[in-house]
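# Fold and geometry: a report
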Amino acid sequence: RVCGETHLPCGACYQCRHERRGLCDDMGLLGHGKGTAHGGMAQYAVLEPAYAYRITRRELADDGVRACLLEPLGVSHNAVECADVRGDTVLVTGC
């Protein structure tokens, strides 16, 4: 089992060439065009290996709840790191 990255950087723009793929000028999204017909809710989807992350048995132990939270956890973790609020009490909200 794998978890797929939903944001697909082009790899060729200035941002991608300078290791800032999250700011890609031509970002693709899984299931939203650019050659990706099926989104994350499809029964099957085709991904490049670079965008697939193996899910461990531990992450599946709770019926996959941990695995489905990887993306929102990554977003909130990045927000806390960027805001430099380590050690403070913070609330991260959004969709």
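An account of the accompanying structure is given in this report. (Residues numbered from 1 in each chain as written. Predicted model: local features only at pLDDT ≥ 70, side-chain atom pairs only at ≥ 80, totals over all residues. Heavy atoms only, no water.)

## Structural notes on the overall build of the chain
Within the chain, the secondary structure is distributed over four helices and four strands. Starting at the N terminus and ending at the C terminus, the chain contains elements arranged as β-β-α-β-β-α-α-α. Expressed as a percentage of contacts within the chain between residues at least 6 apart in sequence, the contacts between residues at least 24 apart total 35%. (Helix = DSSP H or I, 4+ residues; strand = E, 2+ residues; numbered from the N terminus. Contact = heavy atoms within 4.5 Å.)

## A closer look at unusual backbone geometry
For residues that are not glycine, phi is negative in most cases, and the peptide bond is trans in most cases. Phi is positive for Glu19, close to 60 degrees, though the residue is something other than glycine. Tracing the backbone shows Glu19 in the loop between α1 (14–17) and β3 (28–29).

## Focus on the pattern of salt bridges
Where charged atoms of side chains with opposite charge meet at close range, the side chains can pair. Summed over all chains, the structure comprises one salt bridge. The partner of Arg21 in a salt bridge is Glu19, with the nearest N and O atoms 3.0 Å apart. Glu19 gets classed as exposed once you look at its relative accessible area, which sits at 57%. (Salt bridge = Lys/Arg side-chain N within 4 Å of Asp/Glu carboxyl O. Buried < 20%, exposed > 50% of the residue type's maximum accessible area, 1.4 Å probe, protein only.)

## Overview of the environment of Cys68
By the secondary structure assignment, Cys68 is in helix α3 (residues 65–68). The spacing of Cys68 and Cys3 is 65 residues in sequence and 8.1 Å in space, taken between C-alpha atoms.

## Some details on the state of the cysteines
Applying the stated rule across the entire model yields zero disulfides. Free of any disulfide, Cys13 has its nearest neighbouring cysteine sulfur in Cys16, separated by 3.8 Å. Cys13 gets classed as buried once you look at its relative accessible area, which sits at 12%. (Disulfide = S-S within 2.5 Å.)

Function-wise, these values are silent; they only describe arrangement.
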